[in-house]
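Here's the letter readout for the chains.
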Amino acid sequence: MEARKLRDAVWSERNVHISQKGFVQMTKPLIEFMRPYGPFVDVGAGTGWMSKVLNDNGIGCLPTDRYKRTPDYAFEKFYGDIERLRGCAAIEKYDKRNVIMSWPSYNAEWPTRALYAINPDQKLMYLGERHGGCTGSDKFHEYLERHFEEIDWFGYAVWDECYIRDSLSVFRRKHEG
């Protein structure tokens, strides 16, 4: 019973965090891990909170999102100016920046299309669960596995009690030819 109470309390805390900030908890170790990979363009930025935290810590990050109010999530607060661009357009416009894709929409097409736009000079900072989890579609994960290679990884599963196993993986496009 105590384990269930803890899980329920953490789940409630997570829901408040999502409504106010987004899905990822930006810890100091996570920020420092990301630092050498900046500057970034954040596609599907949602509330813009991750970009704000990175910018506040001296790491350039431009938040972009197709929607002013994301219809799938009950975000209550937004941070800074979020440029209204689709993922592909943002990646192509800011092609000298590495790409952040944090908690891409489950079973949506846009995250896979955004992967197509990443050029060989850009790295992808993917924050979410692995194939079979609650981020990205099967098609997204299959394309990622087929056309990208993981070059770095940071485990930070702060929502463990909710059975959510997210992490940050750094990918680069495989040399194809």
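All residue numbers refer to position in the chain's written sequence, counted from 1. Reporting in this predicted model follows two pLDDT cut-offs: at least 70 for local features of residues, and 80 or more for side-chain atom pairs to be given and counted; totals over whole chains, interfaces and linings ignore these cut-offs and use all residues. Side-chain metrics in this entry use all non-hydrogen atoms of the structure; hydrogen atoms and water are not considered.

Secondary structure is summarised from DSSP: a helix means a run of H or I of at least four residues, a strand means a run of E of at least two, and numbering begins at the N terminus for each. Along the backbone of the chain there are six helices and six strands. Mapped in sequence order, the helices and strands of the chain form the string α-α-β-α-β-α-β-α-β-α-β-β. Here's how the labels work: a residue is buried when its accessible area is under 20% of the maximum for its type, exposed when over 50%, partly exposed in between, all with a 1.4 Å probe on protein chains only. Counting only residues that meet the buried cut, the chain has 49% of its 177 residues in that class. For the chain, restricting intrachain contacts to residue pairs at least 6 apart in sequence, the fraction spanning at least 24 positions comes to 64%. Per-residue and other accessible areas follow the Shrake-Rupley method at a 1.4 Å probe size, with only the shown protein chains counted as cover for residues. Carbon and sulfur atoms make up 50% of the accessible area of the chain, which totals about 9100 Å². Contact definition: two residues touch when any of their heavy atoms are within 4.5 Å.

Glancing now at the packing of aromatic side chains. Two rings belonging to Phe, Tyr or Trp (six-membered ring only in the last case) form a pair when the distance between their centres is within 6.5 Å. Interplanar angles under 30 degrees mark stacking, angles over 60 mark edge-to-face geometry, and anything in between is tilted. Tallied over the entire structure, the rule returns five aromatic pairs. Taken together, a centroid distance of 5.5 Å and an interplanar angle of 50° make the contact between Y126 and F140 tilted. Within this pair, whereas Y126 is found in strand β4 (residues 123-128), its partner F140 is found in helix α6 (residues 138-147), the two being separated by 14 residues in sequence. Each residue in the set F33, Y37 and F154 is aromatic and connected to the rest through ring pairs, giving one cluster.

A general tendency of soluble globular proteins is for nonpolar side chains to be buried together. By nonpolar core is meant a set of buried Ala, Val, Leu, Ile, Met, Phe, Trp, Tyr and Cys residues that side-chain atoms within 4.5 Å join together. Within the largest apolar cluster, 20 residues are counted, with the highest numbers of intra-cluster contacts made by M26, M34, F40, L54, I100, M125 and L168. Looking at this core, the elements that each hand over two or more residues are α2 (28-34), α3 (49-56), β4 and β6 (167-173). One finds V43, Y94, L115 and Y126 within the second-largest nonpolar core, a separate group that totals 19 residues.

Note that V53 resides in helix α3. Note: C-alpha distance between V53 and I31 (22 residues apart in sequence) is 8.4 Å. Excluding anything up to four places from it in sequence, V53 contacts M26 and I31.

Before going further, it helps to spend a moment on the sheet that holds strand β5 (residues 148-155). Two strands pair if DSSP finds at least two bridges between them. Ordered in space as β2-β1-β3-β4-β6-β5, the six strands form an open sheet in which the pairing is mixed. The two strands at the open ends of the sheet, each matched to only one other strand, are β2 (61-64) and β5. Pairwise comparison of adjacent strand axes, ignoring direction, gives a mean angle of 20° for this sheet. Relative to β6, β5 is paired through seven bridges, and the arrangement is antiparallel. Paired with E150 across the two strands is F171, which belongs to β6. To obtain an axis, a line is fitted to C-alpha atoms, over the contacting stretch when the element is a helix, and the angle between two such axes runs from 0 to 180 degrees between their N-to-C directions. Packing against the sheet, α6 makes contact with β3 (98-102), β4, β5 and β6, and its axis sits at approximately 110° to β5.

With that settled, the discussion passes to helix α5 (residues 110-117). When α5 is considered as a whole, its buried residues turn out to be P111, T112, A114, L115 and A117. The inward-facing, buried residues of α5 contact α4 (87-93), β3, β4, α6, β5 and β6.

Any link to function would need more than the numbers given here.
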